[in-house]
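What follows is each chain in one-letter form.
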Amino acid sequence: MSGSDASRWTVIVPVKAPGRAKTRLAPHVSPAARAALARAFAADTVAAALAADSVARVLVVGDDPSLAGDAEFLDEGRPAGLTASIALGIAHARATGAGAVAVLLGDVPCLPSADLDAALAAAAGHPLAFVPDADGDGTTLATARPGVAFEPRFGVDSAAEHERAGFARLEASARLRRDVDTLAALEEAIALGTGPHTARVVAALADGAFG
Ligand SMILES: Nc1nc2c(ncn2[C@@H]2O[C@H](COP(=O)(O)OP(=O)(O)OP(=O)(O)O)[C@@H](O)[C@H]2O)c(=O)[nH]1
Ligand SMILES: C=C(OP(=O)(O)O)C(=O)O
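Reading the values: the criteria
Residues numbered from 1 in each chain as written. Chains lettered and ligands numbered in written order. Predicted model: local features only at pLDDT ≥ 70, side-chain atom pairs only at ≥ 80, totals over all residues. Heavy atoms only, no water. UniProt positions renumbered as here; feature names shortened; annotations may be inferred. Helix = DSSP H or I, 4+ residues; strand = E, 2+ residues; numbered from the N terminus. Contact = heavy atoms within 4.5 Å. Polar contact = N/O pair within 3.5 Å; in protein donor to acceptor, adjacent residues only side chain to side chain. Buried < 20%, exposed > 50% of the residue type's maximum accessible area, 1.4 Å probe, protein only. Pairing = 2+ DSSP bridges. Core = buried A, V, L, I, M, F, W, Y, C linked by side-chain atoms within 4.5 Å. Phe/Tyr/Trp six-rings, centres within 6.5 Å; stacked < 30°, edge-to-face > 60°. Salt bridge = Lys/Arg side-chain N within 4 Å of Asp/Glu carboxyl O.

1. Quick look at the UniProt feature "binding site: phosphoenolpyruvate" (unreviewed entry) in the protein
Mapped onto the present numbering, the UniProt feature "binding site: phosphoenolpyruvate" (unreviewed entry) falls at T139, G155 and S158. Annotated residues spanning 20 residues; largest pairwise C-alpha distance 8.4 Å, indicating a single compact cluster. Looking at the element boundaries, T139 is found in strand β6 (residues 139–144). In contact with T139, not counting residues within four places along its chain, are L105, F130, V131, P132, D133, F154, S158, A159 and H162. At 3.4 Å, the side chain of T139 and the backbone nitrogen of A159 are in polar contact. Of note, S158 is situated in helix α4 (residues 158–164). Judged by its relative accessible area of 2%, S158 falls in the buried class.

What follows is the structure, given as structure tokens:
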């Protein structure tokens, strides 16, 4: 992350409180391990965004400031769901001078900053764009050029919803597309190579640190 000129991106990362997150992992790991994984996924995602050359600003939206790390934090207040938290983040970013805006979900722990830079460079060629997740039905990144009305459609079948709403589908790396919701996705992420926060929690899990 360097400078703040208008050609660079503001990246909004919604992150829910770890204790309530990643419920699809609940059958496989303890509540403490699940919360630690959720926190680590977010930390690796935010770190990648902060390190990206094309990113001027990273804004974490949620209800736990400790999840923001070195990024800005925007308190969503009473949790009202993913769509509401994203809308709050976009409105805040635009009201405080953001030009190009991206929403990156906080569960892509394999993401290298160069892969985010590549996707944002491609996104700059479209008013609105998105990156489908690894499974193809969801979305990991949605983008809007400066001044373009931005109402991303994250949630169920968001890839199809984004396409229907006129967002251009971008080619992107497996590492940007690999969100982690399930045990199978976690195993794939480990095989791809995660960021250091997730790697530490996975190692602790393997050592039996969570019981
Ligand atoms: N701020 C905020 N972030 C959210 C909210 N819901 C989901 N997120 C974040 O959006 C990203 C993608 O959400 P999901 O893949 O559904 O993750 P999740 O809700 O933790 O997982 P499940 O409980 O398994 O559905 C993750 O970074 C979540 O932390 C919300 O209500 N508020
Ligand atoms: C909210 C989404 O994430 P997931 O499908 O991982 O819950 C999405 O893909 O739009």
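Here the narrative resumes.
2. Overview of the pairing of strand β4 (residues 100–104)
The side chains of a regular strand alternate, first on one face of the sheet and then on the other. Across the five residues of β4, five count as buried, placing the element largely inside the fold. Alternating residues of β4 divide into A100, A102 and L104 and V101 and V103, and every residue in both groups is buried. By the bridge criterion, four bridges tie strand β1 (residues 9–15) to β4 in an arrangement that is parallel. Opposite I12, over in β4, you have V103 as the bridge partner. Where β4 and β6 come together, four bridges link them in antiparallel fashion. In the strand pairing of β6, A102 is matched with T143.

3. Re the nonpolar core
Burial of nonpolar side chains together is a common tendency in soluble globular proteins. Core analysis: the largest hydrophobic core is formed by 31 residues, its most contacted members being V11, V13, V58, L104, L116 and L141. The greatest single-element share of this core, amounting to five residues, is contributed by helix α1 (residues 31–51). Excluding anything up to four places from it in sequence, V11 contacts A49, V55, R57, V58, L59, A102 and L104. Residues A93, A98, F130 and A142 belong to the second largest nonpolar core, which totals 19 residues.

4. Section: the packing of aromatic side chains
Applying the stated rule across the entire model yields one aromatic pair. With 6.3 Å between their ring centres and 40° between their planes, F150 and F167 make a pair best called tilted. Highlighted residues: F150 in the loop between β6 and α4 and F167 in the loop between α4 and β7 (168–169), separated in sequence by 17 residues. Accessibility classification places F150 together with F167 in one group, the buried group.

5. Considering unusual backbone geometry
Glycine aside, residues mostly have negative phi, and peptide bonds are mostly found in the trans state. Even without a glycine there, the phi angle at K22 is positive, about 55°. Here the phi dihedral of D157 falls at roughly 55°; this positive angle occurs in a residue that is not glycine. Inspection of the secondary structure puts D157 in the loop between β6 and α4.

6. Details of the pattern of salt bridges
Applying the stated criterion across every chain, the model contains 11 salt bridges. R20 is the salt-bridge partner of D63, the closest N and O atoms lying 2.9 Å from each other. You can see D63 sitting in the loop between β2 (55–62) and β3 (72–75) and its partner R20 sitting in the loop between β1 and α1, a full 43 residues away along the chain. With a relative accessible area of 38%, R20 lands in the partly exposed category. Residue R178 is joined to E188 by a salt bridge in which the shortest nitrogen-to-oxygen separation is 2.8 Å. On the criterion of sequence distance, the pair formed by R178 in the loop between α5 (174–177) and α6 (183–192) and E188 in helix α6 is long-range, its members being 10 residues apart. Under the relative-accessibility criterion, R178 is labelled buried at 2%. Salt bridges here are not isolated pairs; linked through shared partners, they connect K22, R24, D107 and D181.

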